[in-house]
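Next come the chains, spelled out residue by residue.
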Amino acid sequence: MPADPLHIVCPHCHTTNRLALSQLGAAPDCGKCHQPLFNAKPVELDEVAFDKHIARSQLPVLVDFWAPWCGPCRAMAPAFEQAARELEPQMRLAKVNTEAAQNLAARFNIRSIPTLALFAGGREVARQPGAMGAADIVRWARSHSTP
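In this text, all values refer to a predicted model and were calculated from it rather than measured experimentally.

> Help me out: how do you make sense of the packing of aromatic side chains in this one?
A ring pair, where both rings are aromatic, is described by two values, the distance of the centres and the angle of the planes. Inspection of the entire model under this criterion finds 5 aromatic pairs. Between F50 and F65, the aromatic rings sit 6.4 Å apart at their centres with planes inclined by 55°, giving tilted as the arrangement. Placement of F50 in helix α1 (residues 47-56) and of F65 in strand β4 (residues 61-66) is noted, with a sequence separation of 15 residues between them. You'll find F50 and F65 in the same group, each marked buried. Here the aromatic rings of F50 and F108 are separated by 5.4 Å at their centres, their planes lie at 65°, and the arrangement is edge-to-face. With F50 in helix α1 and F108 in the loop between α3 (102-107) and β6 (115-120), the pair connects residues that are 58 residues apart, well separated along the chain. Feature note: the residues F50, F65, F108 and F119 constitute an aromatic cluster, connected by ring pairs.

In C-alpha cells, the structure reads:
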C-alpha cells in the first residue's frame, strides 16, 4: 500500500479524492459528490471511467469483464458482489460490460468471459478466465495484490 495520502477514485462521480491511509476504513465520502467512496459493491465502468479508475486510483482494481448474454457471467455476479464486501476498502471491484465497452475488450484482448483482471499501478498484473465462487475470487485477488 502506498504512503499517505492515497488517491481514490469515486465510484459515483469518478473524481479522484486524496485520502489519508488511516481514513480508508472509516467510511470516507467523496469530496465532490459527497457519496460514499466505498459501498461494498462493484462499480460499473464505461471506457472513460475505466481509464480514470485504472490510471488514478492507488488501490488495486479487480475487473470482471462480462456480457449480459453470458450464463456463467450472470451466475458469477452474486459471487463477485460478495467478494466486493470482503475486499473493499483495500481493493476496488469493477464490472465492464464487454458488449457496451467493446473497445476495452479489444484493448485488453478479452477472448472469453467472464474474465477477471487485476490492475495495480495503472497496469494489468494478473488475469483469470472463467467463473469462480466468492471465496475463490477473494483468495485469487489477495494472492495477486501487493501487500
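Additional details are given in the paragraphs that follow.
> I would appreciate a short explanation of the environment of D29 in the present structure.
Tracing the backbone through its elements, the reader meets D29 in the loop between β2 (16-19) and β3 (43-44). Here the alpha-carbon distance between D29 and N17, two residues 12 residues apart in the chain, equals 9.1 Å. Other than its neighbours up to four places away in sequence, D29 contacts N17, H34, Q35, P36 and L37.

> Is there a simple way to explain the pattern of salt bridges in this structure?
When the charged atoms of two side chains with opposite charge come close together, those side chains can pair. Inspection of the entire model under this criterion finds 5 salt bridges. When the shortest N-O distance is used, the salt bridge between E124 and R127 registers 2.8 Å. Under the relative-accessibility criterion, E124 is labelled partly exposed at 26%. With a closest N to O distance of 2.5 Å, R139 and D136 form a salt bridge. Remark: D136 and R139 occur in helix α4 (residues 134-144); sequence separation between them is 3 residues, near one turn of the helix. Residue classification places D136 among the partly exposed residues on the basis of a relative accessible area of 38%.

> What is the right way to look at the nonpolar core in this model?
Generally speaking, a soluble globular protein has its nonpolar side chains buried in company with each other. Counting residues in each nonpolar core, the largest one holds 22 residues, and the members touching the most others are L45, F50, V63, F65, V96, F108 and F119. Residue assignment for this core shows that the elements contributing at least two residues are α1, β4, β5 (92-97), α3 and β6. In terms of residues, this core owes the most to one element, β4, which gives 4 residues. One finds A83, L93, L116 and I137 within the second-largest nonpolar core, a separate group that totals 18 residues.

> For this particular structure, what's the right way to read the state of the cysteines?
Among covalent bonds in proteins, the disulfide is the one between the sulfur atoms of two cysteines. The full count for this structure, using the stated rule, is 1 disulfide. One disulfide bridge connects C70 with C73, the sulfur atoms lying 2.5 Å from each other. Between C70 and C73, the disulfide has an S-S torsion of 75° and is therefore right-handed. Given the relative accessible area of 4%, C70 is considered buried. Classification of C73 as buried rests on a relative accessible area of 1%.

Rules behind the numbers
- Residues numbered from 1 in each chain as written.
- Predicted model: local features only at pLDDT ≥ 70, side-chain atom pairs only at ≥ 80, totals over all residues.
- Heavy atoms only, no water.
- Phe/Tyr/Trp six-rings, centres within 6.5 Å; stacked < 30°, edge-to-face > 60°.
- Helix = DSSP H or I, 4+ residues; strand = E, 2+ residues; numbered from the N terminus.
- Buried < 20%, exposed > 50% of the residue type's maximum accessible area, 1.4 Å probe, protein only.
- Contact = heavy atoms within 4.5 Å.
- Salt bridge = Lys/Arg side-chain N within 4 Å of Asp/Glu carboxyl O.
- Core = buried A, V, L, I, M, F, W, Y, C linked by side-chain atoms within 4.5 Å.
- Disulfide = S-S within 2.5 Å.

Nothing here speaks to function; it is all geometry.
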